[in-house]
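Examining the three-dimensional arrangement
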Amino acid sequence: GAFSIFMGNCTNVASTSFSREGKALYDLKAMPISCDTIVLVKFWHAFMYCIIAVVIAAIYFSAGVALIGFPFTASEVFEVIVKGGVLALLVSLVLVFVEMFIDTFNPKLQWENPIAAFKQNVNAVVSAFISMGVVALFIVLMVFLPRNNLGILLVGLIFTVLAAPLGYLYFRYAVKRIPNM
């Protein structure tokens, strides 16, 4: 789960969602597309990397079990993949909302080459440190909470409770902020 969280969120796609548009953001705003749709598409673009990271982690885990020969049954492998994947996606949901909020609040729209939107953007650096901190928090929670379904349920509940209001507040804020960018 921690591997998936790190791999999906340290791509800086969410933290540069509007910055990557640069000067073309004005063209995007001029199109007959509602701000709700723009924000929703940007969210799904960023969250898709998290979903892909979960799939890659599942493939790595399955290959590791098959090649190394750990004594896991197919149902145990499936259970680990599903539980780890769901937890990784819940944590990633919180991170995507936080990182998109950072970029919506402070987009870097003036740059000369597209690489500057990633490499010379403070939002990307801040979000990378936030991602590392949340991964560390996730690991600490998984170590100190009970190592059974109750512990997994508690971690999932914590991040669900964080994600729901964050998502609601972010979408409301972003829809109002886009016209002023």
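Description of the structure in this document.

Examining the pattern of salt bridges
For the structure on display, the rule yields two salt bridges. In this structure, Lys 42 engages Glu 21 in a salt bridge whose closest nitrogen and oxygen atoms are separated by 2.6 Å. In this pair, Lys 42 sits in helix α3 (residues 35–68) while Glu 21 sits in the loop between α1 (2–9) and α2 (25–30), placing the two residues 21 residues apart along the sequence. Taking the relative accessible area as the measure of exposure, Lys 42 reaches 10% and is therefore buried. A salt bridge links Lys 83 to Glu 79, with the nearest nitrogen and oxygen atoms 2.5 Å apart. Linking Lys 83 with Glu 79, this pair stays in helix α4 (residues 74–105), spanning four residues, or about one helical turn. Residue Glu 79 is classed as partly exposed on the basis of its relative accessible area, which comes to 38%.

Concerning the packing of α4 against helix α6 (residues 122–144)
Describing two packed helices takes the angle between their axes plus the distance from one axis to the other. Axis separation between α4 and α6 bottoms out at 10 Å; the angle between their running directions is 155 degrees. It follows from the interaxial angle that α4 and α6 lie roughly antiparallel. By crossing handedness, the relation of α4 to α6 is classed as right-handed. Residues Leu 87, Val 91, Leu 95, Val 98, Glu 99, Ile 102 and Asp 103 of α4 lie in contact with α6, whose contacting residues are Asn 123, Val 126, Ser 127, Ile 130, Ser 131, Val 134, Phe 138 and Met 142. For the contact of α4 with α6, the residue count by class is 10 nonpolar, three polar and two charged.

Observations regarding unusual backbone geometry
The backbone of Asn 12 sits at a positive phi, close to 65 degrees, despite the residue not being glycine. Note that Asn 12 resides in the loop between α1 and α2.

With respect to helix α7 (residues 149–177)
Under the 1.5 Å per step criterion, the end-to-end length of α7 is 41 Å for 29 residues, consistent within 8% with the ideal 42 Å. Buried residues along α7 sit against α3, α4 and α6. Capping the start of α7, Asn 148 holds a side-chain oxygen 3.0 Å from the backbone nitrogen of Leu 150, two or three residues further along.

Quick word on the packing of aromatic side chains
By the definition in use, this model includes 12 aromatic pairs. Ring centres of Tyr 170 and Phe 171 lie 5.8 Å apart, and the angle between their planes is 65 degrees; this geometry places the pair in the edge-to-face category. A residue is classified by how much of its surface remains accessible, and Tyr 170, at 2% relative accessible area, is buried. Exposure remark for Phe 171: the relative accessible area of 22% places this residue in the partly exposed category. An aromatic cluster is defined as three or more aromatic residues linked by ring pairs; in this entry it consists of Phe 43, Trp 44, Phe 47, Phe 97, Tyr 170 and Phe 171. Between the NZ or CZ atom of Lys 42 and the centre of the ring of Phe 18, over which it lies, the distance is 5.4 Å.

Some details on the side chain of Ser 17
You can see Ser 17 is positioned in the loop between α1 and α2. Setting aside its immediate chain neighbours within four residues, Ser 17 contacts Lys 42, Met 100 and Asp 103.

Observations concerning the nonpolar core
Nonpolar side chains tend to gather and get buried jointly when the protein is soluble and globular. Phe 18 and Val 96 are the most contacted members of the largest nonpolar core, which totals 35 residues. Those elements giving two or more residues to this core turn out to be α1, α2, α3, α4, α6 and α7. At nine residues, α4 tops the list of elements feeding residues into this core. Ignoring sequence-local partners within four residues, the contact set of Val 96 consists of Asn 9, Ala 14, Phe 43, Ala 46, Phe 47 and Cys 50.

Looking at a nonpolar patch on the surface
Taken together, Leu 40, Trp 44, Met 48, Tyr 49 and Ile 52 make up a surface patch of nonpolar side chains, about 460 Å² in accessible area. Positionally, Ile 52 belongs in helix α3. Judged by its relative accessible area of 43%, Ile 52 is partly exposed.

About the cut-offs
- Residues numbered from 1 in each chain as written.
- Predicted model: local features only at pLDDT ≥ 70, side-chain atom pairs only at ≥ 80, totals over all residues.
- Heavy atoms only, no water.
- Salt bridge = Lys/Arg side-chain N within 4 Å of Asp/Glu carboxyl O.
- Helix = DSSP H or I, 4+ residues; strand = E, 2+ residues; numbered from the N terminus.
- Buried < 20%, exposed > 50% of the residue type's maximum accessible area, 1.4 Å probe, protein only.
- Axes fitted to C-alpha atoms, helices over the stretch in contact; angles between N-to-C directions.
- Parallel < 35°, antiparallel > 145°, perpendicular 65-115°, else oblique.
- Left-handed = near helix turned anticlockwise from the far one by under 90°.
- Contact = heavy atoms within 4.5 Å.
- Nonpolar A, V, L, I, M, F, W, Y, C, P; charged D, E, K, R; others polar.
- Expected span 1.5 Å × (residues − 1).
- Polar contact = N/O pair within 3.5 Å; in protein donor to acceptor, adjacent residues only side chain to side chain.
- Phe/Tyr/Trp six-rings, centres within 6.5 Å; stacked < 30°, edge-to-face > 60°.
- Lys NZ or Arg CZ within 6 Å of the ring centre and 35° of its normal.
- Core = buried A, V, L, I, M, F, W, Y, C linked by side-chain atoms within 4.5 Å.
- Patch = residues over 30% accessible without salt bridge, like charges linked within 9 Å, V, L, I, M, F, W, Y side chains within 5 Å.
- Areas by Shrake-Rupley, 256 points an atom, 1.4 Å probe, with all protein chains shown as cover.

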